[in-house]
Amino acid sequence: MSTKHKLIGLGMCLACGLFAAAGCAPQGTTSDSNQNAGATDAQSPAATEQRAYTDEQEAVIAGEEGTTTYDNIDAEAFPGKDYIDRLYDKWADIAVEYAPEIRTLPDGRMVQRTPTEYQIEAGTWQTQAETNSFNTYWLDADNKGCGSCHVDLSTMIKSMPFEHPTVWNDELNNQMTVQECIDCHRYAPGYITNVQDFGTLMHSVHMGSRNKAAFEDTYDGDCMSCHNATENGKGMEMWDLVKYNHLWGIVDVAADDLTDTSFSFEQETVQSDVFSFEWMHGYYCQMRHGSEIEGLDLPQSLFDSWEITIEGNVSQPYTALLKDLVEEAEKDGVVVTKNSKLVCNWNMVGGGGISNANITGIPVSWLVEKAGGYTDDSNGVRVMRADGTSKRSFSMDKLNDDEALLVYKMDDEYLGAKQGYPCTNWVEGVDAQVCSKQVDRYVVSSDCPDFTDSQYLFDHHDGSPNGWFNEEGVIVNRPNATILDVPEGLVIETGKPYTFHGYADAYNEEIDYLEFSFDNGETWTKYEVDGSDVNKVVWWNLTWTPPEHGAYTITVRAATVEGSVSYQTHTVMVNAKDEMPAVEDTVVYETKGLVKVDNASDTAA
């Protein structure tokens, strides 16, 4: 929650009959003025300063007989103006006191999670100040959503007691959202024990015996910290999923009015620390994960003794040492080094489960040829992990086109533990489900599934589904267009170009174009992505200059040549300011864990 205020009892009723109740209240010392912010205050505002009026104006304001005429009433003097001035002064003071919190993050960037209401018409909400206080005073927006308690969700997941799969990506610096959590925990048959269980889990985590006291007492948390209660029939919505529909002060820019933008894309950038979700569902998975966490190199003896078997529908099955196969393949000049993508089937919109990697490997087709080739009835190749935890398959097309490789190096270095030392299977243009680490056997088969039936592959954990299905059988992340490295409410400068960047990918489908919206999806601007390589990630850049101060939302979506369009879009908000705030006027965070709390003994962790 915020470190500025603590709203104890907000009982003021608006003229329209709206009753506003504080949700998850800000942290800090309760001020007397806030305690008394009830109906009586609205009727009798206290003057914040002594105003100077002429004798004539005072007579008009006092409503003296004979002074109030058609000619002498104006904006500076009318009966009761002194009351109105005090009323405006009161709400102007509230707007200052409840100004949206600005944070300075450990990397020096600033964020403001709640928009400043620059664009609200003067006089709105009983104030003549440049800014208003609807978002922070009435909606309590600084104290709603995951970001009110957690500076960064990736850090939260890293530091949780449960050894969560590595869904974050420090190299891409993707900003995790609650939508990703919902997508994964809502429907993941075969991966999570119970589907449709996200709400059960989150309410238990926050309100269970271990955390309830801290959530309620330290952070003043309650239901409205996370939820938005509406009259639209949708009940308790997640605030983070609907907040841009309710916050005041967001500037909409229609596509026809969008100027000072430029777009580009490329596919050659690679990551040195390629993502790995590190599921610990088998002995070898645990060995790799433990070694990675401890910073240990797996021994050379493991590489030297590792065996690769080629069997099944081949003429001459064989088993050979990996080191001998590498030496022979390098001598024959068949080893391939290239940039190629790796993307997880479970990589949601906004996620970090995607990388371009510089890989070195042996074509599996060469290994099969050494076994005398495959029989005519073969329809795929099964990839067997050494610990027996996977036997996913890939198609003969991938074999014949040399898009299946036995990889043993990345960035010209032998694989680390996390990447599957001593070797991993790698199939291009599909999701990473078939890219089995520590593979020791290829079985050419005639019982492989129909590789075009993504639903079957998803349901039966075979092949590469090339997308994540929801409970309605719809792929939610193909294509996936994501904005990277924009923390919620990033502060940028008005009139200066800012470059947003991100990625677009659709597994086995080619990206056709990207579209961006600056008015919450009402209008879109299209940018073509001509001739992209389906085996590499599309890295895009959009440069834009904010025309005036205010909050802006930027939404991205994509479409493929094959006709798929984004099921989910990705939206971020930035705050453009004419002058960047001084660091000393912000809440400074040295780490990205929990927010600082005035009445707690610890600070951000």
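Residues numbered from 1 in each chain as written. Predicted model: local features only at pLDDT ≥ 70, side-chain atom pairs only at ≥ 80, totals over all residues. Heavy atoms only, no water.

## Looking at the packing of aromatic side chains
Then step 1. Applying the stated rule across the entire model yields 25 aromatic pairs.
Then step 2. Ring plane angle 85° and centroid distance 5.3 Å describe the contact between Tyr283 and Tyr284, whose orientation is recorded as edge-to-face.
Then step 3. Seen from the ring of Trp524, Arg557 lies directly overhead, with NZ or CZ sitting 3.7 Å from the centre. (Phe/Tyr/Trp six-rings, centres within 6.5 Å; stacked < 30°, edge-to-face > 60°. Lys NZ or Arg CZ within 6 Å of the ring centre and 35° of its normal.)

## Overview of the sheet that holds strand 5 (residues 261-266)
Then step 1. Taken in spatial order, the four strands line up as 5-21-18-16 in an open sheet, and their pairing is antiparallel. Since the sheet does not close on itself, it has two edges, and those belong to strand 5 and strand 16 (480-484), each with one partner. Pairs of neighbouring strands in the sheet enclose a mean axial angle of 25°, with direction left out of account.
Then step 2. One ladder, built from five bridges, connects strand 16 with strand 18 (residues 498-505); its direction is antiparallel. From the neighbouring strand, Ala481 faces strand 18, where its bridge partner is Ala504. (Pairing = 2+ DSSP bridges. Helix = DSSP H or I, 4+ residues; strand = E, 2+ residues; numbered from the N terminus. Axes fitted to C-alpha atoms, helices over the stretch in contact; angles between N-to-C directions.)

## So, the pairing of strand 23 (residues 570-577)
Then step 1. With seven of eight residues buried, strand 23 lies mostly within the body of the structure.
Then step 2. With four bridges joining them, strand 17 (residues 490-493) and strand 23 adopt parallel strand pairing. Bridge pairing links Ile492 to Ala576 in strand 23.
Then step 3. Bridge count between strand 22 (residues 550-560) and strand 23: seven bridges; the pairing is antiparallel. (Buried < 20%, exposed > 50% of the residue type's maximum accessible area, 1.4 Å probe, protein only.)

## Looking at unusual backbone geometry
Then step 1. Of note, the amide linkage connecting Tyr421 to Pro422 takes the cis form, showing an omega dihedral of 10°.
Then step 2. By the secondary structure assignment, Pro422 is in the loop between strand 13 (413-414) and strand 14 (424-427).
Then step 3. Cis peptide bonds are those with omega within 30 degrees of zero, and the linkage from Arg478 to Pro479 qualifies with 0°.
Then step 4. Its location among the elements puts Pro479 in the loop between helix 16 (454-460) and strand 16.
Then step 5. Positive phi, close to 60°, is recorded for Asp140, a residue that is not glycine.
Then step 6. If you trace the backbone, Asp140 turns up in the loop between helix 5 (134-138) and helix 6 (153-159).
Then step 7. Phi is positive for Asn520, close to 60°, though the residue is something other than glycine.
Then step 8. Locating Asn520 in the fold gives a position in the loop between strand 19 (511-517) and strand 20 (525-528).

## Notes on the pattern of salt bridges
Then step 1. Enumeration over the complete set of coordinates arrives at 24 salt bridges.
Then step 2. Of the charged contacts, one joins Arg86 and Asp82 as a salt bridge, the two residues approaching to 3.0 Å between their closest N and O atoms. In this pair, Arg86 and Asp82 both sit in helix 4 (residues 81-97), four residues apart, roughly one turn of the helix.
Then step 3. For Asp82, a relative accessible area of 28% corresponds to the partly exposed category.
Then step 4. Here Glu493 ties to Lys496 by a salt bridge, and the two come within 3.4 Å at their closest N and O atoms.
Then step 5. Here Glu493 falls in the partly exposed class, since its relative accessible area comes to 29%.
Then step 6. Beyond isolated ion pairs, a larger network of salt bridges with shared partners links Arg113, Asp240, Lys243 and Glu488. (Salt bridge = Lys/Arg side-chain N within 4 Å of Asp/Glu carboxyl O.)

## With respect to the nonpolar core
Then step 1. If you look at the biggest cluster of nonpolar residues, it comprises 65 residues, and the most contacted ones within it are Phe394 and Tyr442.
Then step 2. Counting 28 residues, the second-largest nonpolar core is a separate cluster that includes Ile483, Phe500, Phe518 and Tyr552. (Core = buried A, V, L, I, M, F, W, Y, C linked by side-chain atoms within 4.5 Å.)

## Some thoughts on the state of the cysteines
Then step 1. Summed over the entire model, instances satisfying the criterion amount to zero disulfides.
Then step 2. No disulfide involves Cys223; its sulfur sits 8.4 Å from that of Cys226, the nearest cysteine. (Disulfide = S-S within 2.5 Å.)

## Here we look at the sheet that holds strand 11 (residues 393-394)
Then step 1. Reading across from one edge, 7-6-15-10-11 is the order of the five strands in this open sheet, with mixed pairing throughout. Each of the sheet's edge strands pairs with one partner strand only, and the pair in question is strand 7 (318-321) and strand 11.
Then step 2. Where strand 6 (residues 307-312) lies against strand 7, four bridges are found, and the strand directions are antiparallel. Residue pairing across strands places Ile310 opposite Tyr318, the latter belonging to strand 7.
Then step 3. Sheet strands in contact with helix 13 (residues 322-332) are strand 6 and strand 7, and its direction is about 85° off that of strand 7. (Contact = heavy atoms within 4.5 Å.)

## Some remarks on a negative patch on the surface
Then step 1. Among the surface-exposed residues, Glu171, Asp411, Asp412 and Glu413 lie close enough to one another that they form a single negatively charged patch.
Then step 2. Among the secondary structure elements, Glu171 is positioned in the loop between helix 6 and helix 7 (178-186).
Then step 3. Owing to a relative accessible area of 36%, Glu171 belongs among the partly exposed residues under this scheme. (Patch = residues over 30% accessible without salt bridge, like charges linked within 9 Å, V, L, I, M, F, W, Y side chains within 5 Å. Areas by Shrake-Rupley, 256 points an atom, 1.4 Å probe, with all protein chains shown as cover. Lys, Arg positive; Asp, Glu negative; His and termini not counted. Charge placed at Lys NZ, Arg CZ, Asp CG, Glu CD.)

## Some words on the side chain of Asp431
Then step 1. For Asp431, the location among the structural elements is in the loop between strand 14 and strand 15 (439-445).
Then step 2. Buried within the structure, Asp431 lacks any salt-bridge partner; its nearest side chain of opposite charge belongs to Arg392, at an N-O separation of 5.9 Å.

## Details of the environment of Phe458
Then step 1. Tracing the backbone through its elements, the reader meets Phe458 in helix 16.
Then step 2. The class for Phe458 is buried, based on a relative accessible area of 5%.
Then step 3. Taking the C-alpha atoms as reference points, Phe458 and Gly190, 268 residues apart in sequence, are found 9.7 Å from one another.
Then step 4. Those residues in contact with Phe458 that lie beyond four places of it in its chain are Tyr187, Pro189, Asn345, Pro465, Gly467, Trp468 and Phe469.

In short, the description is geometric, and any link to function would need to be established separately.
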